[in-house]
Amino acid sequence: MSAKSEMSGLIKIASEKKGLLTAASLFSILSSLLQIAPFIAVYNIIEELLRHAQQPASIDKEYILYWGIFALIALIAALLTLYIGVMCSHIAAFSILYKLRVRLAEHVAKVPMGYHTKTATGELKKIIEVSVEKIEKFIAHQLPDTVCAVIMPILLLSYLFWLDWRLALVLLIPIGIGFWLQFRMFGNVMGQTAYREFQHAVEEMNATGVEYVRGMPAVKVFGITADSFLTFKQAVTRYRDISLHITDLFKTPYSLFSVIVSSLFTFIIPIGILLLSGNSGNQSFAITFILFLIIAPSLSTPLLNLMYLGGGLREIVEGNKRIEAVFAEPVVTEPVVPQVPVSYDIAFQHVSFAYERKGSKDFKSVLQDIHFVAKAGEMTALVGPSGGGKSTIANLLLRFWDVQEGEITIGGVPIREMGTNTLMETVSFVFQDVHLFYDTIEANIRMGNMTVSKEAVIEVSKTACCHEFIEKLEHGYDTKIGEGGTYLSGGEAQRIAIARALLKNAPILVLDEATAYADAENEKKIQQGLIELVKGKTVLIIAHRLSTIRAAEQILVVKQGEIVEHGTHDELRAENGLYEQMWQAHQSASSWRLGAENIISSPQVIPAGEASR
Ligand SMILES: Nc1ncnc2c1ncn2[C@@H]1O[C@H](COP(=O)(O)OP(=O)(O)OP(=O)(O)O)[C@@H](O)[C@H]1O
């Protein structure tokens, strides 16, 4: 991407508040102009002092006072206009930021859910927080600062040219060298690549640092061989190497630039003395020369600022690219006239699906020709080895991704024709990894249905076997999750999620390893409650513990993206195929885990994948 098109994205964002930003720039220029005024005052004061150097008594004190007051007023006005300019740019920045964040959040809510599984939450959080914050830096600071850094030297140089073109011309030499050095640092491909690599190294180090801290238990157990430790170590080493490379690359141009730009007056001293020596009686030239010596250092500040702005700009451009990448994610297509199903059979019709590999246009085929009907009012179970594609089948029902081949229908209506809202109202989902919000337990359960009574909340909680432990908490249903040390175990969180899904009372219920964390006793209780509550609903259940789906009207055995067997528990056992092997492994694992007596009727955890191997 060219620098021009990189910048155009930022300019487009900034143009949303064109009026305010134009005002900010105008005030910035005005402030730059007013900052020159004290130099004019100094020039006139020095001139008056030198003119009467032989007879100090004849110095026009009023004249000096006049220019003194002029300089003071100009300085106050410069500060005031700078303040107004900064206010305008900040108001513009924060309202743009607000809109940008809202637009991002709205867009993120509209992209297929699959996007959230491939994009790490931390990455998205960083884009919404950090990258957007950088836009603030650009609009509120960079834009007015750049205007100032460009306009101020132009105005000063014009004034100096007007005073004495020969000395001003000499000043252009170091300034020209300065710009050339700037270009060498940030403008050329090598500098840009190095800077981009440096940015990536910083991000990688931050990300792996977080991972390292999160994975501390594994690091403690596996020590320096723990993956997160090694990756973090590599990231730190890479950061060191690229920092050294950048330092090496920039050390000469950076030092030269700083030295040259900070000592502009050293360039005019020899020329000034030369001109003065050939013109020793010219007092007015002497004053001009002094003024040049005073003004030249003030040219350094905006020029040095330009250099820092150049470096900062790259960071902002990179941040903006990330924001644009989020906006470029296609949203779920919504039908023009959404259809509402009247019955709730789920049908997968010759569905094939492949995941897009991250960062490439390659696809990884995961499901091939999946064809089945999950009848309304019945329980359909998906079982099979790990990685076979069970969760993918369940996720496709919620349009996490759209299928590449075939069709998924509910009550005969293709899910693409239903509209997201109708689909979400029709299907209730309990994931293996539950997310609970930082809110009360009751609010977390009510998410599924805001209008029901407290009694109904308690009722579903009893069914999901969470009422008992909620009652034991200090504030019962009003306990805020995550506050005052209230943290729930995986099993407890899952039971709350089941209660939430039950309260939603949607005609279709999908349970993806919903009771995986429950102990055998609780699982049995939840099952009994569920049997009552799911009567009349279409249930799609994924379970590794085969005992939990024994009663399902239909069991589909999924292996390597295909349905290899289907039938009831008894039919599948009679087939003597993969299901029977899994069942046998499951049975022996249960007796091995629990002992020969089989104290609890429901067997213990053993992943089907392991069992089938
Ligand atoms: N978001 C994703 N992007 C790319 N590949 C994925 C994604 N999710 C799953 N896969 C891959 O798709 C295949 C099927 O995964 P899926 O989770 O559907 O299997 P599963 O049968 O539910 O497994 P398990 O029983 O272990 O939960 C696996 O090879 C997995 O690596």
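One can find the structure itself at the top, above this paragraph.
Residues numbered from 1 in each chain as written. Predicted model: local features only at pLDDT ≥ 70, side-chain atom pairs only at ≥ 80, totals over all residues. Heavy atoms only, no water.

What follows concerns the environment of His566. Tracing the sequence through the fold places His566 in strand β10 (residues 562-567). Note: C-alpha distance between His566 and Gln554 (twelve residues apart in sequence) is 6.9 Å. Those residues in contact with His566 that lie beyond four places of it in its chain are Ile555, Leu556, Leu572 and Glu575. (Helix = DSSP H or I, 4+ residues; strand = E, 2+ residues; numbered from the N terminus. Contact = heavy atoms within 4.5 Å.)

This part covers the site of the ligand. In the vicinity of the ligand, 14 residues are found, and the nearest of them are Ser386, Gly387, Lys390, Ser391 and Thr392. Here Tyr355 contributes a side-chain N or O atom positioned 3.3 Å from a nitrogen atom of the ligand. Measuring from an oxygen atom of the ligand, one finds a backbone N or O atom of Gly388 at 3.1 Å. Protein burial of the ligand: of its 640 Å² of free accessible surface, 67% is covered by the chains. Elements with a minimum of two residues in the shell around the ligand: β2 (363-374) and α12 (390-397). In terms of residues, the shell around the ligand owes the most to one element, α12, which gives three residues. In terms of residue class, the shell around the ligand is built from four nonpolar, eight polar and two charged. (Near = heavy atom within 4 Å. Polar contact = N/O pair within 3.5 Å; in protein donor to acceptor, adjacent residues only side chain to side chain. Areas by Shrake-Rupley, 256 points an atom, 1.4 Å probe, with all protein chains shown as cover. Nonpolar A, V, L, I, M, F, W, Y, C, P; charged D, E, K, R; others polar.)

Moving on, we get to the pattern of salt bridges. Summed over all chains, the structure comprises twelve salt bridges. For Arg101, the salt bridge goes to Glu133, with nearest N and O atoms at 2.8 Å. Of this pair, Arg101 sits in helix α3 (residues 61-110) while Glu133 sits in helix α5 (residues 121-163), and the two are 32 residues apart along the sequence. Since its relative accessible area comes to 26%, Arg101 is described here as partly exposed. When the shortest N-O distance is used, the salt bridge between Asp248 and Lys251 registers 2.6 Å. Residue Asp248 and its partner Lys251 are located together in helix α9 (residues 227-262), separated by three residues, close to a single helical turn. Connected through salt bridges with shared partners, the residues Glu442, Arg446 and Lys454 form a single ionic network. (Salt bridge = Lys/Arg side-chain N within 4 Å of Asp/Glu carboxyl O. Buried < 20%, exposed > 50% of the residue type's maximum accessible area, 1.4 Å probe, protein only.)

If you walk across this open sheet you meet the four strands as β2-β1-β4-β5, and the pairing is antiparallel. Each of the sheet's edge strands pairs with one partner strand only, and the pair in question is β2 and β5 (413-414). Pairing between strand β1 (residues 346-356) and β2: eight bridges, direction antiparallel. Within the sheet, the bridge partner assigned to Val351 lies in β2 and is Ile370. Set on the sheet, α12 makes contact with β1, β2 and β4 (405-410); between it and β1 the angle comes to about 110°. (Pairing = 2+ DSSP bridges. Axes fitted to C-alpha atoms, helices over the stretch in contact; angles between N-to-C directions.)

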